[in-house]
Amino acid sequence: MDSNVRVSSSLIRGTEGSECSDPFLLIDEIMRDLWLTNTLTRRKELFVPINPGHVGMYVCGPTVYGDAHLGHARPGVTYDVLSKFLRHLGYKVRYVRNITDVGHLEHDADAGEDKIAKKARLEQLEPMEVVQTYTLRYHEAMRQLNVAPPSIEPRASGHILEQIEAVQRILDAGYAYESNGSIYFDVEKYNHDYHYGVLSGRNLEDTKEGTRSLDGQGDKRAPYDFALWKKAEPEHIMRWNSPWGEGFPGWHLECSVMGEKYLGREFDIHGGGMDLMFPHHECEIAQNQASRGTQGVHYWVHNNMITINGQKMGKSLGNFITLPQLFSGDHPKLTQAYSPMTVRFFILQAHYRGTLDFSNEALQAAEKGLKRVMQAARDLYSMAGKSMPHYQYGELLESVAPQTCGADSEEIKTVWNTIYDALCDDLNTPMALAGISESVRIINSAKSGQLKLSQADLSALVQIYDDIVFGVLGLVDEEVSEGASGKVIAGLMDMVLEQRAAAKAAKDWNTSDHIRDSLGALGIKVKDTKDGVEWTIE
């Protein structure tokens, strides 16, 4: 057996034409080895789940007080690809992504106004109206990017009792203290017994020097202590009863609590942006250790930032471009509108751990690259006599990665191995796209007659596009994927081109040219080839 594959039992769906007639038959399936960079150890490590065949993954979701921006798209796409690839490797995945709707104060601090409450005050709304509005808008933006919904999407406000219980456990363990109705985590005492900074690589002296002096921190014993429960001031709208009086949970607590509730005391993967590594994720580890006696997470996987002119994109910095603005082109930094799939392709072109700098030129290059891949896909499925897949939004990819490539061509086998090796090597999507670009060259050569592909070659290429391009990478052919409308357009084009073909057969060149030119005026390019007529939307 190949050294980079291993056998594991997993629950998979049978595929059409396979020997597996029961769609939920438990069988032994080959899994490839997946390597992930673990921020905790600062090493690329072989991924070994706690429970064979199953993966628990938690990702920090948005604080919903405004529209999602390009910076939110990156973790959305990154962990969508990771969860889809894990399923493609044969794992059953429970993916939890939270919604923060309380406790996230301005500047990520322990003092100041709640971000959502401030938005509600400015717009004269109830806080939960703000939450509902921007949660729905976030969901719609993710749908447009073809980011599948998580298995579970818990809200912080729905887990207040669990957070109060966690605070009490930390108090009972001796790692927290009460001060003027608020509860703070005692970082110095914790650091004496464990290491506060194990994830970020900081030591307590660094933390002391880097701690800002903010109003309202006088209740703390030390400036680096962080809030587990905050006393609600009279003007604070969002408040709950607790053993320590009316208040609300600290921002860091929700992820510790909801991760444990839905994935257990220990789980496999915790994802999020690198900007959350400290203090948010560092505080999570401390809370986990203090409340349940374990750090809780085996693999910390962090995506890097999207920047504008080298600076992190963020709402608090005021330099962000929202996803609705990107899709419409309605922003002074944009020279045009960019489709959701262009944005997704742009994100996939960089490794998730590398920075990705916004520019119109980079997005336009992504747009061209995406068009090349989608045109090759149409040509491939046409040559193979198959229909392009149309995955319903949120539908889980169920096909398990095959052990070997069934192509006759060594070139296609190389492409196949390049793509899978790249994705198994810390989710290297740019290298996987390089393999897909090579497949585009092969398809174009076959289309022009310069290369002959066997049926096995065509089947192998179709499988790559089914499973990876449209499946794991989640790309969509936007020209033909708008559901019923796409089918209507395709049907109408067939009718129009049949009329043109009839005109040409009758040597009615005026009518034939008129149809071609009229379609061209609408942005539809018609091209006559030796194999028939092709059309594309420019």
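Not measured: the values here are computed from a predicted model.

Chemist: For this particular structure, what's the right way to read the confidence of the model for the chain?
Modeler: When pLDDT is low, close inspection of the predicted coordinates is not appropriate. With 87% of its residues at a pLDDT of 70 or more, the chain has an overall mean of 87. Across residues 1-28 the pLDDT falls below 50, and counting only partners more than four positions away or on other chains, this stretch makes 57 contacts in the model. Across residues 212-216 the pLDDT falls below 50, and counting only partners more than four positions away or on other chains, this stretch makes seven contacts in the model.

Chemist: When you look at the pairing of strand S9 (residues 226-231) in this model, what are you seeing that I'm missing?
Modeler: Along any regular strand, the residues point their side chains to alternate faces of the sheet. Of all six residues in S9, five are buried, a share of seventy percent or more. Relative to S9, strand S8 (residues 182-185) runs antiparallel, the two being bridged by three bridges. The residue of S9 that forms the bridge with isoleucine 183 is tryptophan 229. By the bridge criterion, three bridges tie S9 to strand S10 (residues 247-249) in an arrangement that is antiparallel. The residue bridging lysine 231 from the neighbouring strand is glycine 247, located in S10.

Chemist: What exactly am I supposed to notice about the sheet that holds strand S7 (residues 176-179) here?
Modeler: Backbone-to-backbone hydrogen bonds pair the strands of a sheet. The strands run either parallel or antiparallel. On the basis of which strands lie adjacent, the open sheet formed by four strands has the order S7-S8-S9-S10 and antiparallel pairing. With partners counted over all chains shown, the strands left at the sheet margins are S7 and S10, one partner each. If you compare each strand with its neighbour and ignore which way they point, the axes differ by 20° on average.

Chemist: Looking at this structure, I do not really get unusual backbone geometry. What am I missing?
Modeler: Glycine aside, residues mostly have negative phi, and peptide bonds are mostly found in the trans state. Residues phenylalanine 278 and proline 279 are joined by a peptide bond in cis, for which omega reads 5°. On the secondary structure map, proline 279 appears in helix H8 (residues 277-292). Backbone geometry places asparagine 146, a non-glycine residue, at a positive phi of 60°. One non-glycine residue with positive phi stands out, namely asparagine 180, at about 55°. With respect to the helices and strands, the residue asparagine 180 is situated in the loop between S7 and S8.

Chemist: What is the right way to look at the state of the cysteines in this model?
Modeler: Here a disulfide denotes a covalent bond joining the sulfur atom of one cysteine to the sulfur atom of another. Going through the model one piece at a time under the given rule, you end up with zero disulfides. Between cysteine 60, a free cysteine, and cysteine 255, which holds the nearest cysteine sulfur, the sulfur-to-sulfur gap is 3.8 Å. On the basis of relative accessible area, cysteine 60 is assigned to the buried category, the value being 12%.

Chemist: Would you explain the pattern of salt bridges in this entry?
Modeler: One side chain can pair with another of opposite charge once the charged atoms of both are near each other. The full count for this structure, using the stated rule, is 22 salt bridges. The residue lysine 84 makes a salt bridge to aspartate 80 at a minimum N-O spacing of 2.9 Å. Placement of the pair is lysine 84 and aspartate 80 together in helix H1 (residues 70-88), with a separation of four residues, close to one helical turn. For lysine 84, a relative accessible area of 10% translates into the label buried. A salt bridge links aspartate 80 to arginine 344; the shortest N-O distance between them is 2.7 Å. In this pair, aspartate 80 sits in helix H1 while arginine 344 sits in helix H10 (residues 340-348), placing the two residues 264 residues apart along the sequence.

Reading guide: rules and limits
Residues numbered from 1 in each chain as written. Predicted model: local features only at pLDDT ≥ 70, side-chain atom pairs only at ≥ 80, totals over all residues. Heavy atoms only, no water. pLDDT = per-residue confidence, 0-100. Contact = heavy atoms within 4.5 Å. Buried < 20%, exposed > 50% of the residue type's maximum accessible area, 1.4 Å probe, protein only. Helix = DSSP H or I, 4+ residues; strand = E, 2+ residues; numbered from the N terminus. Pairing = 2+ DSSP bridges. Axes fitted to C-alpha atoms, helices over the stretch in contact; angles between N-to-C directions. Disulfide = S-S within 2.5 Å. Salt bridge = Lys/Arg side-chain N within 4 Å of Asp/Glu carboxyl O.

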